[in-house]
Amino acid sequence: MELTRDEESALKGEHGEIMQMAYRILVATGEATDAEKLIPIEWAHLSGVNYNTIGDAGEEFLSTVSKDARVKVKTTLNPMGFDIDNVSNYDIDQNFISKQLSIKNSYEKMGVVPSFSCIPYEIYDIPKSETQVAFAESNAAIHANSFDDLKTNKESAFSALASAIVGKSPYSSLRKEDKPNITIRMKVKNPSELTYGMLGFFAGKVGDTSVNISGLGEMDKRQTKAMCGGMGTSGTCAKFIFGEGDSDCEKIDFDEKEMQNIHDELNTVEKGDIITLGSPQLGLDEISDLAGKLKGRSFQKRCMVFLPRTVKVQARKIGYTNELERAGCEILSDCCTCLSPLISKDNVDAVTTNSIKGAFYLKNSNGVGVNLKSLSQIVEDETR
Amino acid sequence: MNKVLVSGKVEGIVLKSSDPINFLGTVNKKTGIISDKNHDLFEKPVKNTILLFPSGIGSSVGAYTIYSIKSNDAAPLAMVCQKADLTVATGCALANIPLIIINEEEFASIKNGMKLSFDTESSNQIHYQ
């Protein structure tokens, strides 16, 4: 990898220890991915926020580097473990809360916007076409590449943090070119967001860095987010390219049979004790739609609804949160279903959700049963 | 052609494994001892060795474990892998542990217990003693 003279001197430590570490990360990542150089980025989105995932080692690391590290470009943040507004309603111990707040403080000290959201593409303005960004949240990287005309690789927590501090990323892979290894033909009729989530999960399994995809009809926001979330869960692939692709590109059908295979892999029970909506977090459109669907109805069991804080504030002003709370929803900002400490197998046997991403982590990390249903089916079966 | 992911200069004794290493689950972050019963380095400390293994596997959060063993003075002097993976690459970058990727033949030729000196800036990066 070619470095400029200035970059070389930063790597040698002439711009301080933090810069040196950040450059070491970018160079190691760049060499590992055959990058030719570093290029400027305009926006970084960091993962590695939830104490449940980064643990003591992560908390200590962030506490140390935040003494000197400052981000150079706009930098936003993934969800953490709880919503401070209602954490006392859940069984979260004091150690978890204080370690999580320490992580929050460290990021704020570095100048990171405390957005605690996995849908930065929905709550911030999208920069102009082809802008290079560095997104570590997989669903956000896929959404940015596929639907927002931005360019990012599927960054790690560390490469995104280093990119935020330096303002550059290694120029490799999807930043440079698309080489879809396969074309997926969508063959399932009348798809719901659950179908699109399974399609994404399937695509992540067969895709390398990007895939062609054909046969998609008009999709709403809930469906596009579900597809990106599904793909980010099952592999390293980070881009959908819409169309049939070259004639010599391998083709594969996503049909009822493939869909059933994925359903069987992730759906482990026929009934949940609680419901979760959100992973990715819900945006204002989805909240408005949900409030409409719940008019005159109430959930018969607990329903956790995850959304970004900015959306919660807007939804409260408009009156949606009142409507949702009346229908029995628990509104949670700053956190999400994925890797949530709020759901534990000590008090929950199984969860009903429409999220493939949520299902994967609930099953594999939280160790609870999963019941998959589309949102309209959930409203029909679980409300009165 | 060797690939230098994190540069540096060290000298030490090789600890070689033919199993990949999952730093998150199987390396004690205080002692640097491998705790996975099924691993060929079970109960061996990685501290102050030149750790040779095929590649890292598992969650990228494992990079924090590499940083932790370095902070706890239990880290290898350097790592040598056959395949680059981002968890070990970023972990070594965080902790400033030299990391070099070598080809299959060279990997096979290095034996456990060998003494090596290792200088990523020199043309002959790995020197056998």
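Predicted, not measured: the structure shown is a model, and the values here were computed from it.

Chemist: Just to check I follow, could you spell out the overall build of chain B for this structure?
Modeler: Per the secondary structure count, chain B includes four helices and seven strands. Listed by position from the N terminus, the elements making up chain B come as β-β-α-β-α-β-α-β-α-β-β. By principal-axis analysis of the C-alpha atoms, chain B measures approximately 35 × 25 × 25 Å. Within chain B, residue pairs in contact and separated by at least 24 positions form 68% of the contacts whose partners lie at least 6 positions apart. In chain B, the 12 positive side-chain charges and the 12 negative ones have mean positions that sit 6 Å from each other.

Chemist: I would appreciate a short explanation of the pattern of salt bridges in the present structure.
Modeler: Pairs can form between side chains of opposite charge once their charged atoms are near each other. Residues and elements named next belong to chain A. Counted under the stated rule, the structure contains 28 salt bridges over all chains. A salt bridge links arginine 185 to glutamate 244; the shortest N-O distance between them is 3.7 Å. Remark: glutamate 244 occurs in the loop between β8 (240-242) and β9 (251-254) and arginine 185 occurs in strand β6 (residues 183-186); sequence separation between them is 59 residues. Judged by relative accessible area, arginine 185 falls into the partly exposed class, the value being 28%. Exposure remark for glutamate 244: the relative accessible area of 36% places this residue in the partly exposed category. Here arginine 316 ties to glutamate 325 by a salt bridge, and the two come within 3.8 Å at their closest N and O atoms. Note on arginine 316: relative accessible area 40%, which makes it partly exposed. Residue classification places glutamate 325 among the partly exposed positions, given a relative accessible area of 36%.

The rules we used
Residues numbered from 1 in each chain as written. Chains lettered and ligands numbered in written order. Predicted model: local features only at pLDDT ≥ 70, side-chain atom pairs only at ≥ 80, totals over all residues. Heavy atoms only, no water. Helix = DSSP H or I, 4+ residues; strand = E, 2+ residues; numbered from the N terminus. Contact = heavy atoms within 4.5 Å. Lys, Arg positive; Asp, Glu negative; His and termini not counted. Charge placed at Lys NZ, Arg CZ, Asp CG, Glu CD. Salt bridge = Lys/Arg side-chain N within 4 Å of Asp/Glu carboxyl O. Buried < 20%, exposed > 50% of the residue type's maximum accessible area, 1.4 Å probe, protein only.

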